[in-house]
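Report on the structure
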Amino acid sequence: MKYLFTLLVSSFCSIHTFAQTESISDTIPFVLNKYNTMYIKAVFNQTDTLNLNFDTGSSALTLTNDVLNNKLQSKVSLYHTLYELKIGNQVYKTEAYDAQLSGHDTDGRFGWDLFKNQIVEMNYEDNIMVIHSHLPDSIAKDNAYTKLAINYFDNVFSVQSTIVQDKIENTDLFLFDTGYNRTVMLDNDLMKSHNFPFEQMKVIKTIIMKGAKGNEIPVITANLQLLKIGDYTLKDVPAQQLTTHKPLRGKNIHILGNEVLKRFNAFLDFKENIVYLKPSKLYDIAYTDK
């Protein structure tokens, strides 16, 4: 069985028209499908209505080759031209990139950088994404939210989390990636360098995943005893082990995917560079690979 591995790291240029002088919130409904792909409807170039995945593991706008060649009314000049992208009530300007694949049921994806200096609320209770100009006062005071510092690199961002196996703990940065539809992707080289006993993890299955360019990536899914994210701990997580095809130019890094992230309601504060997470109603549901 094949699953999508939808990471894209690219150069980008994005400009938004969101007012910064007053407190504004723009609510956008989203669909979370059975593959853990979250997507919204957006209007490209004032002409084309598209289903687009909000992919925090990428930047700018990426459309599949099939959409570029067969669906769009607009003619697109890739990489160096700014286009309008209407998301909710706001219009953003961004370059466009191409890829062979995107998340299930989507025409492409857009990255976190469209919302620089804003706050993105991901509410999995009500299936809404809310773009705030300011963090709501109640969030910073709500002790149910755990706070994670945002670390930026290569046009994407990460947060610190901890994996535990047979009482051995490793704390590292994890790419925060709503575009990756599985649980966590653990980098074998990183685990090996920290003497993490990944070879003792019980193997659940081995699959072939697809990269954004259509390349095949062999992945082992094995049971991770504990995953600690801030103040919260998830038990017996079916984690994927990555041995080849590093997503970030060869960098060794773990990845938090949307099958874990959907278990939390989140505020992504790109002003103060903090992620706020609180368990959602999906926190205790069964994992796909269990």
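Preceding this section is the structure that the text describes.
Presented here is an overview of the structure given in this document. What you see as residue numbers is a count from 1 along each chain, following the sequence as written. Per-residue local features are limited, in this predicted model, to residues with pLDDT of at least 70; the limit for side-chain atom pairs, both in listing and counting, is 80 or more; totals at the level of whole chains, interfaces and linings are taken over all residues. Neither water nor hydrogens contribute to the side-chain values; these are computed over all heavy atoms in the structure.

What follows covers the side chain of T64. Tracing the sequence through the fold places T64 in strand β7 (residues 61-64). With residues near it in sequence (within four places) discarded, T64 still touches A99, Q100, L101, S102, D107 and G108. A helix here means a DSSP run of H or I that spans at least four residues, while a strand means a run of E at least two residues long, and both kinds are numbered starting from the N terminus. By definition, residues are in contact when any of their heavy atoms lie within 4.5 Å.

Let's shift gears to the nonpolar core. I87, F110, F115, M129 and L227 are the most contacted members of the largest nonpolar core, which has 61 residues in total. Residue contacts for F110: discarding those within four places in its chain leaves I40, L52, N53, F54, D55, S58, A60, L61, L85, I87, F115 and M129. The criterion is simple. A nonpolar core is a set of buried Ala, Val, Leu, Ile, Met, Phe, Trp, Tyr and Cys residues joined through side-chain atoms within 4.5 Å. Classification of residues uses two cut-offs on accessible area relative to the type maximum, computed with a 1.4 Å probe and protein chains only: under 20% is buried, over 50% is exposed, and between them is partly exposed. M185, M209, V219 and I255 belong to the second-largest nonpolar core, a separate cluster that totals 12 residues.

This brings us to the pattern of salt bridges. A pair can form between side chains of opposite charge whenever their charged atoms are brought close. Salt-bridge detection follows one rule: a side-chain nitrogen of Lys or Arg within 4 Å of a carboxyl oxygen of Asp or Glu. The tally for this structure, following the rule as stated, stands at seven salt bridges. Residue R182 is joined to E259 by a salt bridge in which the shortest nitrogen-to-oxygen separation is 3.9 Å. Taken together, the residues span a long stretch of sequence, with R182 in the loop between β17 (168-176) and β18 (184-187) and E259 in helix α4 (residues 258-261) at a distance of 77 residues. Given a relative accessible area of 3%, R182 falls into the buried group. Salt bridges here are not isolated pairs; linked through shared partners, they connect R182, K205, E259 and D289.

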